[in-house]
Each structure stands twice: as C-alpha cells, then as structure tokens.
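As a plain string of letters, each chain reads:
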Amino acid sequence: LEIQLRDLRRRLEERMVALELTPAAVRHVAKAAYDPVFGARPVKRYIQKHVETELGWRIIRGDIPDGSRVRLAVGFLRDAQGGRSRRFSTTPEQR
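Note that the structure is a prediction, hence the values are computed from the model and not measured. (Residues numbered from 1 in each chain as written. Predicted model: local features only at pLDDT ≥ 70, side-chain atom pairs only at ≥ 80, totals over all residues. Heavy atoms only, no water.)

So, the packing of helix α2 (residues 23-33) against helix α3 (residues 43-61): which residues are in play, and what are the values?
Pairs of packed helices are described in terms of their axes, by the angle between the two and the distance that separates them. Two numbers describe how α2 lies on α3: the axes approach to 9 Å, and their chain directions differ by 120°. Comparing the axis directions of α2 and α3 gives the class oblique. Pair α2 / α3 crosses with right-handed handedness. For the pair α2 and α3, contact is made by His28, Val29, Ala32 and Ala33 and by Val43, Tyr46 and Ile47, respectively. In terms of residue class, the contact of α2 with α3 is made up of six nonpolar, one polar and no charged. (Axes fitted to C-alpha atoms, helices over the stretch in contact; angles between N-to-C directions. Helix = DSSP H or I, 4+ residues; strand = E, 2+ residues; numbered from the N terminus. Parallel < 35°, antiparallel > 145°, perpendicular 65-115°, else oblique. Left-handed = near helix turned anticlockwise from the far one by under 90°. Contact = heavy atoms within 4.5 Å. Nonpolar A, V, L, I, M, F, W, Y, C, P; charged D, E, K, R; others polar.)

In structure tokens, the structure reads:
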C-alpha cells in the first residue's frame, strides 16, 4: 500500500499537492483492496479507481489548487434506505 501511495504522492508533488491519509483511510484501502487470491496486487487498481480519479476530478474543477495539502479520510454516509456505506472525503488546505 505504501509503495502505491508513494508513487501517487510523487506525481502530486508536480503540482505541489501533498497527500495525507488518516489511519482509518489506510485501513479501509488495505481491507477493501485486499483479495485472498491475488493478495495485495489489486491495491494499485483500487487506488487508481477510488483515490486518483477523485483527486483528478477535484484538481480539474479547481477544488484542489496547486500548493494544497489534501487529507483523505473515510466516513460513513447514509443512503435513502437508511443503510450505511463508506466514502472517502478529501479536505484540501492551502499550505
């Protein structure tokens, strides 16, 4: 997990964006991406699909300007039926 995050952080440095994950977010990614058959190999695809895509859209929209620090956290959302699901949230801050 740390190898994939290090690669993503290196690419974000080009825009002077720092990425921080809460311990709960790290645990969530590790648990959600792990596959008993493939081990940790799906981690890269999971990070691309669920973290990089969201960050990319937010950068394009201007929600995350160059020079920001982004904190990635995991929280619960309630759906219309009252069920709970986990969702990443990003909080950009100017450095």
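Alright, that's what it looks like, and here's the rest.
Could you give an account of α3, with specific residues and numbers?
Helix length check: α3 (19 residues) gives 26 Å between terminal C-alpha atoms against 27 Å at 1.5 Å per residue, within 8%. Taken together, the buried positions of α3 are occupied by Val43, Tyr46, Ile47, Val51, Leu55, Arg58 and Ile59. Backbone geometry just downstream of α3 places Gly62 in the positive-phi region, at approximately 90°. (Expected span 1.5 Å × (residues − 1). Buried < 20%, exposed > 50% of the residue type's maximum accessible area, 1.4 Å probe, protein only.)

Report on the packing of helix α1 (residues 2-13) against α3, specifying residues and quantitative values.
Two elements in contact, α1 and α3, have axes whose closest approach is 11 Å; the angle formed by their N-to-C orientations is 25°. In terms of axis orientation, α1 runs roughly parallel to α3. Where α1 crosses over α3, the two elements pack in a sense that is right-handed. Where α1 approaches α3, its residues Gln4, Leu5, Leu8, Arg11 and Leu12 are matched on the opposing element by Val43, Lys44, Ile47, Val51, Glu52, Leu55 and Ile59. Partitioned by chemical class, the residues of the contact of α1 with α3 number eight nonpolar, one polar and three charged.

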